[in-house]
Amino acid sequence: MEHIISVRDLCVHFTVRKKGKTMFSPREKTVVRALDGVSFDIAPGEFVGYIGPNGAGKSTTIKCLSGILTPTGGHIAVLGRVPWEERVRHVADIGVVFGQRTQLWWDLPVEDSFELLRDIYKLDRGEYERTKARLVEAIDIGELLRTPVRQLSLGQRMRCDLVASLLHRPKILFLDEPTIGLDAVSKLNMRGFVKELNEKEGTTVLLTTHDMDDVETLCRRLLLIGHGKKLMDGTVDDLRRMAGTKRVLKATVGEGKVTLPAGAVLTAHEGRRIEVAFDPEALPADKLVLHLASTAGLTDMQVVAAPLDETVAALYRRMAEVEA
Amino acid sequence: MESIKTYFLLALADLRSQMQHKASFVLGAVGNFCATIIDFLGIWTLFASFGALDGWTLAQIAVLYGVINLSFSIAEAVGRGFDLFAGMVKSGDFDRVLLRLRGTLFQVLSSRLELTRLGRFAQGAGVLILGIAAQPQGMSAGQLGLLLLCILGGVALFLGLLMMQAALCFWTVESLEAFNVLTYGGVTMAGYPLSVYRSWFRRFFLYVVPLGCLNYLPAAVLFGKDLPYPAFTAYLAPVAGGLFLLLGALVWQLGVRHYRSAGA
């Protein structure tokens, strides 16, 4: 099979009814295009980041791919099946983790939830025990197994949820903001595990996130969507190029006022330290450095790649302006 | 068979969470018993002043009342998940149901087993046993079998109603009180012989929501009342409950389809 996931012209339109002014005045109907003709393919074993500003249509896409939502138009094939037509067979092959919602039983110890899932997914006892033992060790939740879910911290719960989504050994894993609200250590653990799962087991992963560190460390490929349309399909570098601000010059300058050549943006200014964002294709580094050296003096300097967070923030702002 | 095992595993898991609040559980069951027995005490008082109702004795009415209350208590206990379903849609937990490898009806059904409804079950069973014991000529095994069939049919019918009520949540999450008229109202209505009501009302509960087929028709034949129907219909009537359940399941599937295309 060449593509494990294939999406063509996916459209999801919601009709939103606004209440009229009085009880009897007609209600206004507006059609919201949550997804408006999105197409992409994913090959087996890929690790794809699915990003875009809030309300871009990320979760809607995940819902369509996991069979929860029937789209208004377009076509999806996951492992050759149409998710919403063969829901039950489809869910046997996918794992889904929603960062904001648990799929464990709130009042039960973690292990009991796993047992129930074993039964729901009709898993063979021996194979289930082996998979569970492996996952419990890899994600290090051994001491949590007898704890009721409601007593877990967010990070602990996320780890348990991840194990729960993998007990039936799905071929595809959908992660919807899995690192939201996690502390630094939990994030690193989570990333390390998912990376290993993708590399060693060949599990195909589609990840939606707002955490650009997730994207940078994990995703070899990115899909950017906004206002229901696909805006980019490429690598992290492609995203940087698209956003324009590719480099940041961190410098310590002399006393006095700092002036900048056209195309450079002052992003931080603290005492004698400044940070300047620029795009080397529009403003070559030598011009910027010469300008600063001749106008303000340069004591120290360092050029780094722009943090992806800022790059994406700038990109989202531009997208919002275009819309407005 | 395998699904039945899974049902009990899931329902037991739910019971274990409920049992974390034991006092609340016991009070719930006792309260349910007390609240429902008052209904029958009301009927009793009625008989104390009038003696008979449209030719039916207190013992005969007790059978009508017992059958319908037993049915309703079982359906309520088993189908409580449908009663609580609006919350499941609002919280988005229904998405989780759609992500799992089982039918949606099965998962909602097994999400809750409400044993506090044992209160109504106990009083319904008590009244039914007293009613059967008080029949002057006794009851044969065949007649008792028919009553059992009626109870099963009743469980099916009430489950069908609960499914329809839950399915409405897919379209509107507001005011499902209207359905209580059919469930709670239906139980109270069917505690009396259908013949005391006006004809449009009788027809509604025979042909639209066929509660009358589950206790009144069979009981009327058992107790030798005059009916415009042949006697064998009494034995067929409980099947109406099963048909109604199928209708409920159909409405449910329509609701799920709507939910999945509208995203609610």
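Scroll up to find the structure.
Everything numeric in this text was worked out from a predicted model, so none of it was measured. (Residues numbered from 1 in each chain as written. Chains lettered and ligands numbered in written order. Predicted model: local features only at pLDDT ≥ 70, side-chain atom pairs only at ≥ 80, totals over all residues. Heavy atoms only, no water.)

Caption draft 1: Molecular detail of the layout of surface pockets. Roughly 710 Å³ of volume is contained in the largest pocket. Taken together, 21 residues line the largest pocket, and the ones lying closest to its centre are A:Trp105, B:Asp14, B:Asp93, B:Arg96 and B:Ser111. Sorting elements by how many residues they give to the lining of the largest pocket places helix H1 (residues 2–18) of chain B first, with four residues. Broken down by class, the residue content of the lining of the largest pocket amounts to nine nonpolar, six polar and six charged. (1 Å grid on protein atoms, 1.4 Å probe; cavity = no way out; pocket = protein on both sides within 12 Å on 5 of 7 lines; lining within 4 Å. Points joined across faces, edges and corners; volume = space filled by probe spheres on them. Helix = DSSP H or I, 4+ residues; strand = E, 2+ residues; numbered from the N terminus. Nonpolar A, V, L, I, M, F, W, Y, C, P; charged D, E, K, R; others polar.)

Caption draft 2: Representation of the nonpolar core. Core analysis: the biggest nonpolar cluster contains 114 residues, and A:Ile5, A:Phe114, A:Leu162, B:Phe85, B:Phe94 and B:Trp252 have the highest contact counts within it. Ranked by residue count, the leading element in this core is helix H5 (residues 154–166) of chain A, at six residues. Excluding residues that lie within four positions of it along the chain, A:Phe114 makes contacts with A:Leu104, A:Tyr128, A:Lys132, A:Ile141, A:Leu145, A:Cys160, A:Val163, A:Ala164 and A:Leu167. Core analysis: the second largest hydrophobic core is formed by 49 residues, B:Val67, B:Leu128, B:Cys213 and B:Phe223 among them. (Core = buried A, V, L, I, M, F, W, Y, C linked by side-chain atoms within 4.5 Å. Buried < 20%, exposed > 50% of the residue type's maximum accessible area, 1.4 Å probe, protein only. Contact = heavy atoms within 4.5 Å.)

Caption draft 3: Local environment of the pairing of strand E12 (residues 273–278) of chain A. All names here are of chain A. Note that strand E10 (residues 247–253) and E12 share six bridges and pair antiparallel. When the sheet's bridge partners are listed, Ala251 is paired in E12 with Ile274. Bridge count between strand E11 (residues 265–270) and E12: five bridges; the pairing is antiparallel. Each residue of the ladder has a partner; that of Glu270, found in E12, is Arg273. Between E11 and E12, which follow one another and run antiparallel, lie two residues, and Gly271 among them has a positive phi close to 60°. (Pairing = 2+ DSSP bridges.)

Caption draft 4: Fine view of unusual backbone geometry. All names here are of chain A. Notably, Arg169 is not glycine yet its phi reads approximately 50°, a positive angle. Summarising the element assignment, Arg169 is placed in the loop between H5 and strand E6 (172–176). Judged by relative accessible area, which is 44%, Arg169 ranks as partly exposed. Backbone geometry places Glu177, a non-glycine residue, at a positive phi of 50°. Within the secondary structure, Glu177 is located in the loop between E6 and helix H6 (184–201). Among the residues examined, Glu177 registers a relative accessible area of 14% and is labelled buried.

Caption draft 5: Structural detail: the interface of chain A and chain B. Opposite the 32 residues of chain A that make contact, chain B presents 27 residues. Buried area between chain A and chain B, both sides added, is near 2600 Å², and the carbon and sulfur share of it is 52%. One can count four salt bridges joining chain A with chain B. Between B:Lys5 and A:Asp119 there is a salt bridge, and its shortest N-O distance comes to 3.3 Å. Summed over the shared surface of chain A and chain B, the result is 16 residue pairs in polar contact (both at pLDDT 80 or more). Elements with a minimum of two residues in the side of chain A that touches chain B: helix H2 (87–91), strand E5 (94–98) and helix H3 (110–120) of chain A. For the side of chain A that touches chain B, a count of residues per class yields 18 nonpolar, five polar and nine charged. (Buried area = accessible area lost by both parts, 1.4 Å probe. Salt bridge = Lys/Arg side-chain N within 4 Å of Asp/Glu carboxyl O. Polar contact = N/O pair within 3.5 Å; in protein donor to acceptor, adjacent residues only side chain to side chain.)

Caption draft 6: Representation of the pairing of E6(A) within the structure. Residue and element names in this part refer to chain A. Judged by how many residues are buried, E6 sits mostly within the fold: five of five residues are covered. Of the two faces of E6, the one carrying Ile172, Phe174 and Asp176 and the one carrying Leu173 and Leu175 are both buried. Taken together, the five bridges between E5 and E6 define a ladder with parallel strand orientation. Each residue of the ladder has a partner; that of Val97, found in E6, is Leu175. Sheet topology places E6 next to strand E7 (residues 204–208); five bridges connect them, and they run parallel.

Caption draft 7: Highlighting the packing of H3(A) against H5(A). All names here are of chain A. Contact pair H3 / H5: the axes reach a minimum separation of 10 Å and the direction vectors enclose 20°. Here H3 is positioned roughly parallel relative to H5, judged by the angle of their axes. Two packed elements cross with a definite hand, and for H3 against H5 that hand is right-handed. Between H3 and H5, the residues in contact are Val110, Phe114 and Leu117 and Cys160, Val163 and Ala164, respectively. For the contact of H3 with H5, a count of residues per class yields six nonpolar, no polar and no charged. (Axes fitted to C-alpha atoms, helices over the stretch in contact; angles between N-to-C directions. Parallel < 35°, antiparallel > 145°, perpendicular 65-115°, else oblique. Left-handed = near helix turned anticlockwise from the far one by under 90°.)

Caption draft 8: How the structure looks around the sheet that holds strand E13 (residues 298–305) of chain A. All names here are of chain A. The four strands lie next to each other as E11-E12-E10-E13, forming an open sheet whose pairing is antiparallel. Since the sheet does not close on itself, it has two edges, and those belong to E11 and E13, each with one partner. Going across the sheet, the axis of each strand differs from the next one's by a mean of 20°, ignoring polarity. Looking at chain direction, E10 and E13 are connected through seven bridges and run antiparallel. Its bridge partner being in E13, Arg247 is matched across the sheet by Ala305.

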